[in-house]
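# Summary of the model geometry
Now for the letters of each chain:
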Protein chains: 6
Amino acid sequence: MREVSIETGVTKHAEGSCLIKIGGTHVICTASLEPRVPPFIKGSGLGWVTAEYGMLPRSTGSRMRREATTGKQGGRTVEIQRLIGRALRAGVDRNALGERQITVDCDVIQADGGTRCAAITGGWVALRLAVNKLLKARDIVTDPLVSPVAAVSCGIYAGQAILDLDYAEDSEAGVDGNFILRGDGALIEVQTSAEGSVFSRDQMTQLMDLAEKGVSELVAAQKAACA
Amino acid sequence: MREVSIETGVTKHAEGSCLIKIGGTHVICTASLEPRVPPFIKGSGLGWVTAEYGMLPRSTGSRMRREATTGKQGGRTVEIQRLIGRALRAGVDRNALGERQITVDCDVIQADGGTRCAAITGGWVALRLAVNKLLKARDIVTDPLVSPVAAVSCGIYAGQAILDLDYAEDSEAGVDGNFILRGDGALIEVQTSAEGSVFSRDQMTQLMDLAEKGVSELVAAQKAACA
Amino acid sequence: MREVSIETGVTKHAEGSCLIKIGGTHVICTASLEPRVPPFIKGSGLGWVTAEYGMLPRSTGSRMRREATTGKQGGRTVEIQRLIGRALRAGVDRNALGERQITVDCDVIQADGGTRCAAITGGWVALRLAVNKLLKARDIVTDPLVSPVAAVSCGIYAGQAILDLDYAEDSEAGVDGNFILRGDGALIEVQTSAEGSVFSRDQMTQLMDLAEKGVSELVAAQKAACA
Amino acid sequence: MREVSIETGVTKHAEGSCLIKIGGTHVICTASLEPRVPPFIKGSGLGWVTAEYGMLPRSTGSRMRREATTGKQGGRTVEIQRLIGRALRAGVDRNALGERQITVDCDVIQADGGTRCAAITGGWVALRLAVNKLLKARDIVTDPLVSPVAAVSCGIYAGQAILDLDYAEDSEAGVDGNFILRGDGALIEVQTSAEGSVFSRDQMTQLMDLAEKGVSELVAAQKAACA
Amino acid sequence: MREVSIETGVTKHAEGSCLIKIGGTHVICTASLEPRVPPFIKGSGLGWVTAEYGMLPRSTGSRMRREATTGKQGGRTVEIQRLIGRALRAGVDRNALGERQITVDCDVIQADGGTRCAAITGGWVALRLAVNKLLKARDIVTDPLVSPVAAVSCGIYAGQAILDLDYAEDSEAGVDGNFILRGDGALIEVQTSAEGSVFSRDQMTQLMDLAEKGVSELVAAQKAACA
Amino acid sequence: MREVSIETGVTKHAEGSCLIKIGGTHVICTASLEPRVPPFIKGSGLGWVTAEYGMLPRSTGSRMRREATTGKQGGRTVEIQRLIGRALRAGVDRNALGERQITVDCDVIQADGGTRCAAITGGWVALRLAVNKLLKARDIVTDPLVSPVAAVSCGIYAGQAILDLDYAEDSEAGVDGNFILRGDGALIEVQTSAEGSVFSRDQMTQLMDLAEKGVSELVAAQKAACA
């Protein structure tokens, strides 16, 4: 696992925010609170947590075209932000949140592998801080955050299962996986893909063992940051 | 597992085609051969297999807006077609295919759960038939198809792991997974998501056992259809 | 006139549906009923019938780009679906239909000339079946369908007026026309275009004679299918 | 037939231009010459004539949204500009034109019915003037313009066939047609549509008789303007 | 200063309209009145004046692509129309206008430098005429137009400050400025840009002196046109 | 003038980068070097400097919609990034730069007024650092950067000319201006707009005096940061 640092309160406007650094991957996460929910749950009494993801054009080795100029978010971006939203919601009691929406924006300042996992882990911190504000103001009484959510990538590189791939490892890995878990050990999402080589049930087991170990480190860092 | 039927040769223009029915889910799959590859592999000697996915507006219980009129493919569509392409490529020796591209189009005529899995399974059949034509014409000499690729959904519904969810089950399932395997047993992609409830390592194991069973049935149906 | 076949009830979700085959041209037509009308006739007591048209990417000899990926419907598509909607409405008493909308989707599975005419002819069958359901359920009391609507293409090919052109004939024809009539003989729309050669009043008369003959065959097939 | 006036040379930049007024309908038509043709005919030795159509936002009774701000040309616009291009090409010998493209832009300054017919008639004048310039400069030797092209609308209004409908008549007409002819009497395009009421073969004949009369007046006005 | 002519009442539909010619630059300006305001000022009692700008494709030396076909207004267009709207509003007492919106459309028929300044100057005339209609009909009682608004370009060309640049001068000018003033001498907007060479405070002063002179001529022409 | 801080080298991938803070306004600026220029200057021997601008969704008091999801950059964004590019180019000898392009991306992390001025000032630092790298590597021999470029906003607030407006002042200011100057005192761009109240020549002079003072402070900060 690469070095993890989480600095909170990095923007004055957002209800919750942090800059998470996992090795060379740096992501600014903000949580924005709104008093209304999307139309499809209006009147249900339930809250909503959603996420958006972006990369600064020069967060990568060579400059990427800005998505605002291409006229749409690319397939990879859409996939990632749907994943972040789904992951965070698995740690939230939407009844306890009540009819409010929290949008978590994850913007990659510098990329070096594992940006979606860093976004989920940092996004949870921003969400935690925004909800703390609601609790402190007694806008809500029961904490809607059930258990912290964190994510780590694992893959098979040179025949070996390894944890938290950086960009160089990720580019070479034959199998690449993202594992999202809660602090209580429950699984939220498992995505393992062959990227050039297939894999066996045994290798799948090794990856999951590594992921459990990595996530417990991340959850410790999240708790320290929010303390 | 719901009843599976695969009818081949359903359109006269495509190099390979089938109509796959898995219960109430019906998908037309066509494979289109082109003599050139995308720019990023030009001159590499490698081939390319890609996929696109669509749903007829009234393939579903209530009419969906046609994506051509909304001005873009939705996030779900993009995610699914990237998955189909990645899955099929894991069964292909791109060196043996040579510098040609095969585009697999999967269009859902009637949806009743598991459309992406049906698309992968039927898409493989279309691909197999198109490649057979190349082999027969001696345009290529070594079969580039390594092992059949098939996919099945499994989920946890009412606390129980079940195989091949239809739409009603899928809507209620707390955990939903898609498993893509090869005929030789190798894993290609595992995607398991919490949809309302989280899951344990034990449940993950049960889902994978079911998936192996389901895929072997599908591979048998693929072979029978291509014989 | 090429062989005509109309199979009804091809999708379980739509209120009305058919697969129409006119020679090598195969189109799935569905009619979807909605309890509300577009804003411009809200409160008028009138109903609305509209249509959309699409082609599967490999319905044609070489694969076409999917319109959902190009970001918009092409000019030809827009022209055709406006034509289909206008044609079908000419057979409908919108007062008797009441404030409901029926959307007819026509998706070409395999193209071999005359897809817009097949779409109109099959679209009418889907509409008829959807309206039959409304009548049976006594949701409406007076049949809003005045007279069946059908369409046929005629053209001048090698100096000779011919009926129901297939793709090969259509590509070579110097003049190309689409004729939409009602079962009671009334004209709905006449579109005749020079495509390489111009034409005379005499030739126009020959085309119209052929069209009347062709449409009466199609109306008979529609009636048989709905019986 | 409403009063017709055609003023040529209305913009200094275009190779050919005119302002055509047919009653209250005013259209600026320009012809722009380019030394290259679209990719699909490159190297064929053939020329190309194409057209684009637009309306100023306040050319109509109530302001229309500018198409540049809606992000695309509407279906009506696309239909009309395809029609104009097709019509003009029917009067051109593309071999004699050689590998050059002429784009005819038709922009409606004030609309009062029949804008597409005015655009075709005025567009021909702009085209004629641009070609005259090529002939004068001896860039081409054989006149590629075979016979003038003009268009007129006819319709059935209050049960009666009438020529050259203004906006008020057009809005009320039960049947609406556009007739495009050449100066030599040949038919180029006939489009007759039911708009509320259907029509008979007899009525079709009356409309065509009127159209022939109207077009001959327009051709005379074109000739006078270009003299 | 090039010759200025302003012809009013050039389209019958608009509440106010003119064709302004400043040398070879010709712009049609129309003012369209609507009884409602944009959402952000609804209920405030204030009115709104906004503007849109366009160029006919062949208003320029070589044909430009039509913005409606490129799918969006270019950066230059957006900048210009925001400028026109802002400029005109500086001459309007929005309280006296009341909750109505006037949209000023400026469409360039022929361009020869200074189109945005011509659009502002002509746009004011169209606005003045539309407001006169409101006053005459006693829909409003206090004249909301405080003082006429006009604009002129000045630049530094061959080291010398000059007034009202035509296209040839503008292309060569090292510094290019647009100056918007009111008839009462107040400054509304000053935009001076280095285009190849920078400039000094002294030169800035010369440009402003020229601008004051030019605008007073334009205001006289506006008054004469509206009289 | 609010407190200014410029931290360089904030991302490891970009050829030049800084985080500029002017009071509560924080902008990340990166300069990306590419070995090719846009088509319109290919083969001219000249280089190109261009800029793009963006705001993180929660850089502002209430969350803004991400431009990548709206399908285009808004008018304000386009205006600002054109301004930044134009400003920076006024400090560059494009002959000395040679045929290479430098893209300066300015992304606002936290906004509190004057973001475009901060972007220009910080953008220059990123550009300076990227060019230093080229000089050090002896890829170019003559320094193409003529004189530093910096920008400051000034406005009239409560009747008084003031320097470097924060968001609260900017919202209330009746006149708002952006002044871009070079370190050698030359003017690059002056943009002064009435926002609710007009202004006089005297006030214009006061604003320009303030701007000269502000820019000299900024240039000192730029020099210190690049030392």
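Everything numeric here is computed off the predicted structure, so don't read it as measured data.

Summarizing the sequence annotation, UniProt attributes the feature "binding site: phosphate" (unreviewed entry) to A:Arg76, A:Gly114, A:Thr115 and A:Arg116 in the numbering used throughout. For this annotated set, covering 41 residues, all C-alpha atoms fall within 13.3 Å of each other, a compact arrangement in space. Relative to the helices and strands, A:Arg76 resides in helix α2 (residues 75-89). Judged by its relative accessible area of 33%, A:Arg76 is partly exposed. What A:Arg76 contacts, discounting residues up to four positions off in sequence, is A:Tyr53, A:Met55, A:Thr115, A:Arg116 and B:Arg82. When you line up the elements, A:Thr115 lands in helix α4 (residues 115-136). Discounting chain neighbours no more than four positions away, the residues touching A:Thr115 are A:Thr25, A:Val27, A:Tyr53, A:Arg76 and A:Val108.

The next thing to look at is the sheet that holds strand β1 (residues 4-8) of chain C. All names here are of chain C. The mixed open sheet is built from five strands, whose spatial order is β1-β2-β3-β5-β4. Among the strands making up the open sheet, the edge pair consists of β1 and β4 (48-55). Looking at each pair of strands side by side, their axes are set apart by 20° on average, direction ignored. Examined bridge by bridge, β4 and strand β5 (residues 101-110) share eight bridges and lie parallel to one another. Bridge assignment links Glu 52 to a residue of β5, and that residue is Asp 105.

What follows covers the side chain of E:Ser153. Residues and elements named next belong to chain E. Mapped onto the elements of the fold, Ser 153 is located in strand β6 (residues 149-157). Only 3.4 Å separates the side chain of Ser 153 from the backbone nitrogen of Leu 165, close enough to count as a polar contact. Aside from chain neighbours lying at most four places away, what touches Ser 153 is Cys 117, Leu 163, Asp 164, Leu 165, Gly 177 and Asn 178.

Taken together, the 26 residues of chain A in the interface contact 26 residues of chain B. At the boundary of chain A with chain B, total buried surface from both sides reaches about 2300 Å², with 54% on carbon and sulfur atoms. Considering only the surface of chain A that becomes buried against chain B, A:Glu79, A:Leu187 and A:Arg201 emerge as the three largest contributors, covering 27% of it. Here A:Glu212 and B:Arg201 are joined by a salt bridge, their closest N and O atoms 3.5 Å apart. Taken together, the links from chain A to chain B amount to 13 residue pairs in polar contact (both at pLDDT 80 or more). Counting residues per element, the ones that place at least two in the side of chain A that touches chain B are α2, β9 (187-194) and α6 (201-226) of chain A. When its residues are assigned to classes, the side of chain A that touches chain B shows eleven nonpolar, six polar and nine charged. Pairing of β9(A) with strand β9 (residues 187-194) of chain B involves five bridges; the strand directions are antiparallel. Its bridge partner lying in β9(B), A:Ser193 is registered against B:Glu189.

Residues and elements named next belong to chain F. Across the eight residues that make up strand β9 (residues 187-194), a large majority, eight, are buried. In this structure, strand β8 (residues 175-182) lies alongside β9, joined through seven bridges in antiparallel fashion. Bridge pairing links Asn 178 to Gln 191 in β9. Remark: four residues form the turn of the hairpin made by β8 and β9, two consecutive strands paired antiparallel; Gly 185 in that turn has positive phi of roughly 90°.

So, about the relation of the copies chain A and chain B. Superposing chain A onto chain B takes a rotation of 180° combined with a translation of 0.0 Å along the rotation axis, leaving an RMSD of 0.0 Å. The operation mapping one copy onto its partner corresponds to a two-fold rotation axis. Minimal C-alpha distance to the rotation axis in chain A is attained by A:Gln191, lying at 2.2 Å. Both copies present the same face, since 100% of the interface residues in chain A are matched by interface residues at the equivalent positions in chain B.

Turning our eyes to something else, we now look at the packing of helix α2 (residues 75-89) of chain F against helix α4 (residues 115-136) of chain F. Residue and element names in this part refer to chain F. Here α2 crosses α4 at 40°, and the two axes come no closer than 10 Å. Considering the angle they form, α2 stands oblique to α4. Classified by chirality, the crossing of α4 by α2 is right-handed. Of the residues in α4, those in contact with Arg 76, Ile 80, Leu 83, Ile 84, Ala 87 and Leu 88 of α2 are Thr 115, Arg 116, Ala 119, Ile 120, Gly 123, Trp 124 and Leu 127. When the residues that make up the contact of α2 with α4 are grouped by side-chain class, the tally is nine nonpolar, two polar and two charged.

Glancing now at unusual backbone geometry. Located in the positive-phi region is A:Arg138, a residue other than glycine, with phi close to 55°. Relative to the elements of secondary structure, A:Arg138 occurs in the loop between α4 and β6 (149-157). For A:Arg138, a relative accessible area of 71% puts it in the exposed group. One non-glycine residue with positive phi stands out, namely D:Asp164, at about 55°. Topologically, D:Asp164 is positioned in the loop between β7 (160-163) and α5 (167-172).

Attention shifts here to the pattern of salt bridges. In the structure shown here, the tally under the stated rule is 96 salt bridges over all chains. Linking E:Glu52 and D:Arg63 is a salt bridge whose minimum nitrogen-to-oxygen distance equals 3.0 Å. Of the two residues, E:Glu52 is situated in strand β4 (residues 48-55) and D:Arg63 in the loop between β4 (48-55) and α1 (67-70); the pairing between them involves two chains. Look at D:Arg63 and you get partly exposed, because its relative accessible area is 24%. E:Arg82 is paired through a salt bridge with F:Glu79; the nearest N and O atoms lie 2.6 Å apart. Placement of the pair is E:Arg82 in helix α2 (residues 75-89) and F:Glu79 in helix α2, with the two residues belonging to separate chains. Classification of E:Arg82 as partly exposed rests on a relative accessible area of 34%.

Looking now at the sheet that holds strand β6 (residues 149-157) of chain C. Taken together, the eight strands give an open sheet; going across it, the order is β7(C)-β6(C)-β8(C)-β9(C)-β9(D)-β8(D)-β6(D)-β7(D), and neighbouring strands pair in antiparallel fashion. Every other strand in the sheet has two partners, leaving β7 (160-163) of chain C together with β7 of chain D as the edge strands with one partner each. Strand-to-strand twist across the sheet, computed as the mean angle between neighbouring axes with direction ignored, equals 20°. The sheet contacts of helix α2 (residues 75-89) of chain D involve β9 (187-194) of chain C together with β6 (149-157), β8 (175-182) and β9 (187-194) of chain D, and relative to β9(D) the element is tilted by about 150°.

Looking now at the relation of the copies chain F and chain A. When chain F is fitted to chain A, the best match, at an RMSD of 0.0 Å, comes from turning it 180° and sliding it 0.0 Å along the axis. When the interface residues of chain F are mapped onto chain A, 100% of them are again interface residues, pointing to one common binding face.

It is worth spelling out the state of the cysteines at this point. Evaluated as defined, the whole model comprises zero disulfides over all chains. The thiol of F:Cys226 is not disulfide-bonded; the next cysteine sulfur, from F:Cys18, is found 7.9 Å away.

For F:Arg89, the location among the structural elements is in helix α2. E:Glu195 is the oppositely charged side chain nearest to the buried, salt-bridge-free F:Arg89, at an N-O distance of 7.5 Å. Every residue in contact with F:Arg89, bar those within four places of it in the chain, is listed here: F:Trp48, F:Val49, F:Thr50 and F:Arg94.

Between chain F and chain A, the contact holds 37 residues from the first and 37 residues from the second. With both chains or domains summed, chain F and chain A bury close to 2700 Å², and 49% of this area falls on carbon and sulfur atoms. Broken down residue by residue, the surface that chain F buries against chain A is led by F:His13, F:Arg58 and F:Arg66, which jointly contribute 26%. Inspection of the chain F/chain A interface yields 14 salt bridges. A:Glu52 is the partner of F:Arg66 in a salt bridge, and the nearest nitrogen-oxygen pair spans 2.9 Å. At the boundary of chain F and chain A, one finds 24 residue pairs in polar contact (both at pLDDT 80 or more). Counting residues per element, the ones that place at least two in the side of chain F that touches chain A are β3 (25-34), β4 (48-55), α1 (67-70) and β5 (101-110) of chain F. It is β5(F) that provides the largest number of residues to the side of chain F that touches chain A, a total of six residues. Here the side of chain F that touches chain A is composed, by residue class, of twelve nonpolar, 14 polar and eleven charged.

What follows concerns a positive patch on the surface. Residues A:Arg65, D:Arg65, E:Lys72 and F:Lys72 make up a contiguous surface patch of positive charge. When you line up the elements, D:Arg65 lands in the loop between β4 and α1.

Another point: the environment of E:Gln203. Here E:Gln203 shows up in helix α6 (residues 201-226). With residues up to four places along the chain from it excluded, the contact list for E:Gln203 reads E:Ile156, E:Gly159 and E:Val198.

Turning our eyes to something else, we now look at the packing of aromatic side chains. Residues and elements named next belong to chain D. Across all of its chains, the model carries six aromatic pairs over all chains by this definition. When the centroid spacing of 5.1 Å and the interplanar angle of 90° are considered together, the rings of Phe 40 and Trp 48 count as edge-to-face. Residue classification places Phe 40 among the exposed residues on the basis of a relative accessible area of 58%. For Trp 48, a relative accessible area of 15% translates into the label buried.

The rules behind the values
Residues numbered from 1 in each chain as written. Chains lettered and ligands numbered in written order. Predicted model: local features only at pLDDT ≥ 70, side-chain atom pairs only at ≥ 80, totals over all residues. Heavy atoms only, no water. UniProt positions renumbered as here; feature names shortened; annotations may be inferred. Helix = DSSP H or I, 4+ residues; strand = E, 2+ residues; numbered from the N terminus. Buried < 20%, exposed > 50% of the residue type's maximum accessible area, 1.4 Å probe, protein only. Contact = heavy atoms within 4.5 Å. Pairing = 2+ DSSP bridges. Axes fitted to C-alpha atoms, helices over the stretch in contact; angles between N-to-C directions. Polar contact = N/O pair within 3.5 Å; in protein donor to acceptor, adjacent residues only side chain to side chain. Buried area = accessible area lost by both parts, 1.4 Å probe. Salt bridge = Lys/Arg side-chain N within 4 Å of Asp/Glu carboxyl O. Nonpolar A, V, L, I, M, F, W, Y, C, P; charged D, E, K, R; others polar. Least-squares fit on C-alpha atoms with pLDDT ≥ 70 in both. Parallel < 35°, antiparallel > 145°, perpendicular 65-115°, else oblique. Left-handed = near helix turned anticlockwise from the far one by under 90°. Disulfide = S-S within 2.5 Å. Lys, Arg positive; Asp, Glu negative; His and termini not counted. Patch = residues over 30% accessible without salt bridge, like charges linked within 9 Å, V, L, I, M, F, W, Y side chains within 5 Å. Areas by Shrake-Rupley, 256 points an atom, 1.4 Å probe, with all protein chains shown as cover. Charge placed at Lys NZ, Arg CZ, Asp CG, Glu CD. Phe/Tyr/Trp six-rings, centres within 6.5 Å; stacked < 30°, edge-to-face > 60°.

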